[in-house]
Amino acid sequence: MSISFIPRPLRRALLCLSAFWFLSMPASAKVKVVATLPDLASLARAVGGDLVTVDQLTQANQDPHHVNASPSMVVRLSQADLFVMNGLDLEVGWVPALLQASRSQKVRPGGPGYVDASIKVPVIEAPSGPIDRSMGDVHPFGNPHYTLDAGRCKWAAWNIANGLIRVDAANAEQYITNLKNLYARIDAALARAREAMKPYRGSSVIIYHARPNYLLDRLGLRVAATIEPLPGIPPSAAQIGRIISSQKSKGIRAVLIEPWNDRRVAEQVAAGLGEGTSVVVPKQAVGSDPAAVDAIALFEQNVALIVSALKGSEGAAH
């Protein structure tokens, strides 16, 4: 089977894994995958297909920075063959305790069933110097919200395929085939997005928090201002006033927020910028909308929302 769609170093690694890992599951058993986020669970289903069952520890309406670990999560992890986490310290407040309590060496760091989906993902906004609490909720390894960009989901999917081959080497060829099919779907979605964004590449938007930045990077959009003065710190009235006065004449049409951000603040900024500026709430995760059935559909929904706002369509974001 040709796997030329995968970069050569990754192709070699996958083939080596299929040849040399011997931790395979019984032929009749499905691999039990547990993922921290809905987006990662979606990718695991795409790569694993009928060979896996997939569970997720969080729901689409949850802020993944702040999750309360529960005993049921510990049980699910203890029974998992493969554990997939976002990485980049997104789950640092709750996953380490779960892994410790699960008592499963298989899914802990270094175990064959442990997958950090961020490995090799091209990361943005990694701090270049020392970090302290005066800087707000800064992620020391860079922005962790890469699954909003379908292109970077390729790397996450490869990491998942890598993990599945480690724990189920007998089905390596099927996982590679599934990965190939997923890559083709992603490439088609990226091509459609490039076409839709042609009139708007280089345009500027305002964001509340740095969550959509990978998506904006993929679409060729610029962040003119961030409403939070520091990550996780609510803006003051003075901060809001500075953003409005500095950006009012720049023709900005979209203010992007998350569902848990203060919409009233975003609407105040949009109103201050003038008629034609919309508040846009991108879909934050797979399952946040009935149509966001997987990571690719999530990406395409968000592209459509942003394009509609940049066009100035009435009601684009509401």
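Look a little higher up for the structure.
## What to know about the side chain of asparagine 143
Mapped onto the secondary structure, asparagine 143 falls in the loop between strand E4 (114–116) and helix H5 (150–167). You can call asparagine 143 buried: its relative accessible area is 4%. Only 3.0 Å separates the side chain of asparagine 143 from the side chain of glutamate 125, close enough to count as a polar contact. Sequence-distant contacts of asparagine 143, defined by excluding residues within four places in its chain, comprise Leu88, Val123, Ile124, Glu125, Ala210, Asn213 and Tyr214.

## Brief notes about the pairing of strand E1 (residues 31–35)
For E1, the tally of buried residues reaches four of five residues, placing the bulk of the element in the interior. Relative to strand E2 (residues 52–56), E1 runs parallel, the two sharing five bridges. Among the inter-strand pairings, lysine 32 is bridged to a residue of E2, identified as threonine 53. Since E1 and E2 lie parallel, the crossover through helix H2 (residues 38–48) that links them has a hand, and here it is right-handed.

## Concerning the packing of aromatic side chains
Working definition: an aromatic ring pair is given by the centre-to-centre distance plus the angle between the planes. One pass over the structure, following the stated rule, counts one aromatic pair. When the ring of phenylalanine 83 is compared with that of tyrosine 114, the centres are 6.5 Å apart and the planes differ by 45 degrees; the resulting orientation is tilted. Residue phenylalanine 83 is found in strand E3 (residues 82–85), and its partner tyrosine 114 is found in strand E4; the two are separated by 31 residues along the sequence. Relative accessible area serves as the criterion here: at 0%, phenylalanine 83 is assigned to the buried category. Just above the ring of tyrosine 183 sits the side chain of lysine 154; from NZ or CZ to the centre is 5.1 Å.

## So, the sheet that holds E4
Strand order in this open sheet of four strands is E2-E1-E3-E4, and the pairing throughout is parallel. The open sheet terminates on both sides in strands that have one partner only, identified here as E2 and E4. If you compare each strand with its neighbour and ignore which way they point, the axes differ by 20 degrees on average.

## Points about the pattern of salt bridges
In the structure shown here, the tally under the stated rule is 13 salt bridges. The residue aspartate 149 makes a salt bridge to arginine 218 at a minimum N-O spacing of 2.8 Å. With a gap of 69 residues between them, aspartate 149 in the loop between E4 and H5 and arginine 218 in helix H7 (residues 213–219) connect regions that are remote in the sequence. One connected set of salt bridges, linked through shared partners, spans Asp149, Arg152, Asp217 and Arg218.

## Examining the nonpolar core
In this structure, Val33, Val84, Leu164, Leu219 and Phe299 are the most contacted members of the largest nonpolar core, which totals 65 residues. Of all the elements, helix H6 (residues 172–197) adds the most residues to this core, at 11 residues. Other than its neighbours up to four places away in sequence, valine 84 contacts Val33, Val34, Ala35, Thr36, Leu40, Val115, Ala117 and Ile160. Counting 17 residues, the second largest nonpolar core, distinct from the first, contains Ile206, Val255, Ile257 and Val269.

## Describing the environment of threonine 277
Counting through the fold element by element, threonine 277 comes out in the loop between helix H9 (263–273) and strand E8 (278–280). Classification of threonine 277 by relative accessible area gives buried; the value is 14%. Along the chain, threonine 277 and glycine 251 lie 26 residues apart, while their C-alpha atoms are 8.3 Å from each other. Apart from the residues within four sequence positions on either side, threonine 277 is in contact with Ile252, Arg253, Ala254, Val255 and Ala270.

Conventions adopted
Residues numbered from 1 in each chain as written. Predicted model: local features only at pLDDT ≥ 70, side-chain atom pairs only at ≥ 80, totals over all residues. Heavy atoms only, no water. Helix = DSSP H or I, 4+ residues; strand = E, 2+ residues; numbered from the N terminus. Buried < 20%, exposed > 50% of the residue type's maximum accessible area, 1.4 Å probe, protein only. Polar contact = N/O pair within 3.5 Å; in protein donor to acceptor, adjacent residues only side chain to side chain. Contact = heavy atoms within 4.5 Å. Pairing = 2+ DSSP bridges. Right-handed = clockwise from strand over helix to strand, strands pointing away. Phe/Tyr/Trp six-rings, centres within 6.5 Å; stacked < 30°, edge-to-face > 60°. Lys NZ or Arg CZ within 6 Å of the ring centre and 35° of its normal. Axes fitted to C-alpha atoms, helices over the stretch in contact; angles between N-to-C directions. Salt bridge = Lys/Arg side-chain N within 4 Å of Asp/Glu carboxyl O. Core = buried A, V, L, I, M, F, W, Y, C linked by side-chain atoms within 4.5 Å.

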